[in-house]
Amino acid sequence: MAPMAFTVGFDLDMTLIDSRPGIHATYTALTERTGTHIDADLAVTRLGPPLEEELVNWFPAEQVPAMADLYREMYPTIAIAATPALPGAAEAITAVRAAGGRAIVVTAKYEPNAKLHLKHLGIDPDAVIGNLWAEQKAEALREYGAAVYVGDHAGDVRAARAAGTLSVTVATGPYGTDELQALGADVVLTDLTRFPGWLTGYLDAPRA
């Protein structure tokens, strides 16, 4: 049986939501607003790291903070409605709750926008912690006592390692299943529709 109040952490972009359409539209709007070309098709193939790490490819470094602020200001009216949940996202959160646990979202995305996405999609985790990337996520995972962290990116595997949690990955982001295994993920799933079944087996397995 599951221990009381066990916690599962989830990444957001390309784990719970397919953020590519909304981000693509926002980058396109930012190009129109600033006159600086951003290859939105390319940018959405490398989601995961903080926004600033992408913007530095298109703007001088001294302009990046202001451009990041502008992007985040534009984002809610452009990206939220355009962004769907990935298959199995809501069911994954429900599965954690049904097993007596709590589900948190730990993401590099700007926290207010992360919360807007989840509210729009009717996904209601126990906590949302934003503005953390890779090993920085370990702070929140440790604070909430997470036993598992679910993500799609190399940075998510690193986060789980740094936090001492089980790294569960889904091949819905930039990496396929073989690549996720090579990155050292403990568990590789094709997508979140596989998560409830995996969780049941994980919680029922005898502990050493």
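First, a word on what this report is: a plain description of the structure on this page. (Residues numbered from 1 in each chain as written. Predicted model: local features only at pLDDT ≥ 70, side-chain atom pairs only at ≥ 80, totals over all residues. Heavy atoms only, no water.)

1. Things to note about the nonpolar core
Here comes step 1: Counting residues in each nonpolar core, the largest one holds 28 residues, and the members touching the most others are Phe-10, Leu-16, Leu-192 and Phe-195.
Here comes step 2: Listing elements by their share of this core, those giving two or more residues are β1 (7-10), α5 (89-98), β2 (102-106), α6 (111-121), β4 (146-151), β5 (166-170), β6 (187-189) and α10 (195-204).
Here comes step 3: Sorting elements by how many residues they give to this core places α5 first, with five residues.
Here comes step 4: The contacts of Phe-195, once residues within four sequence positions are left out, are Val-8, Phe-10, Ala-92, Val-96, Val-150 and Leu-189.
Here comes step 5: Judged by nonpolar contacts, the second largest core, of 22 residues, contains Leu-30, Ala-40, Leu-51 and Leu-55. (Core = buried A, V, L, I, M, F, W, Y, C linked by side-chain atoms within 4.5 Å. Buried < 20%, exposed > 50% of the residue type's maximum accessible area, 1.4 Å probe, protein only. Helix = DSSP H or I, 4+ residues; strand = E, 2+ residues; numbered from the N terminus. Contact = heavy atoms within 4.5 Å.)

2. Some remarks on α5
Here comes step 1: Within α5, the full set of buried residues consists of Ala-89, Ala-92, Ile-93, Ala-95 and Val-96. Taken end-on, α5 shows its buried residues confined to a sector of 155 degrees, consistent with a single buried face. Every exposed residue of α5 that faces more than 90 degrees away from the buried side is listed here: Thr-94 and Ala-98.
Here comes step 2: In this structure, the buried residues of α5 make contact with β1, β2 and α10.
Here comes step 3: At the C-terminal side of α5, Gly-100 shows a positive phi close to 90 degrees. (Arc of directions from axis to C-beta.)

3. Thoughts on the pairing of β5
Here comes step 1: Of all five residues in β5, four are buried, a share of seventy percent or more.
Here comes step 2: The pairing of β4 with β5 spans four bridges and is parallel. Within β5, the residue paired with Val-150 across the bridge is Val-168.
Here comes step 3: Pairing of β5 with β6 involves three bridges; the strand directions are parallel. (Pairing = 2+ DSSP bridges.)

4. Digging into the packing of aromatic side chains
Here comes step 1: If you walk through the whole model with that rule in mind, you get five aromatic pairs.
Here comes step 2: Members of the aromatic cluster, joined through ring pairs, are Phe-10, Phe-195, Trp-198 and Tyr-202. (Phe/Tyr/Trp six-rings, centres within 6.5 Å; stacked < 30°, edge-to-face > 60°.)

5. Some points on the sheet that holds β6
Here comes step 1: What the six strands build is an open sheet, ordered β3-β2-β1-β4-β5-β6; its pairing is parallel. Each edge of the open sheet is held by one strand with a lone partner, namely β3 (127-129) and β6. Each adjacent strand pair in this sheet contributes to an overall mean axis angle of 20 degrees, direction not counted.
Here comes step 2: By the bridge criterion, four bridges tie β1 to β2 in an arrangement that is parallel. Residue pairing across strands places Gly-9 opposite Ile-104, the latter belonging to β2. (Axes fitted to C-alpha atoms, helices over the stretch in contact; angles between N-to-C directions.)

6. Some points on the pattern of salt bridges
Here comes step 1: The final tally for this structure, using the stated rule, is 10 salt bridges.
Here comes step 2: Across the pair Arg-46 and Glu-54 runs a salt bridge, and its minimum N-O distance is 2.8 Å.
Here comes step 3: Classification of Arg-46 as partly exposed rests on a relative accessible area of 33%.
Here comes step 4: With its nearest N and O atoms 3.2 Å apart, the salt bridge here joins Asp-186 to Arg-161. Residue Asp-186 is found in the loop between α9 (177-182) and β6, and its partner Arg-161 is found in helix α8 (residues 154-163); the two are separated by 25 residues along the sequence.
Here comes step 5: When its relative accessible area of 39% is taken as the criterion, Asp-186 is described as partly exposed.
Here comes step 6: We classify Arg-161 as partly exposed; its relative accessible area is 43%.
Here comes step 7: Salt bridges here are not isolated pairs; linked through shared partners, they connect Asp-11, Lys-137 and Asp-156. (Salt bridge = Lys/Arg side-chain N within 4 Å of Asp/Glu carboxyl O.)

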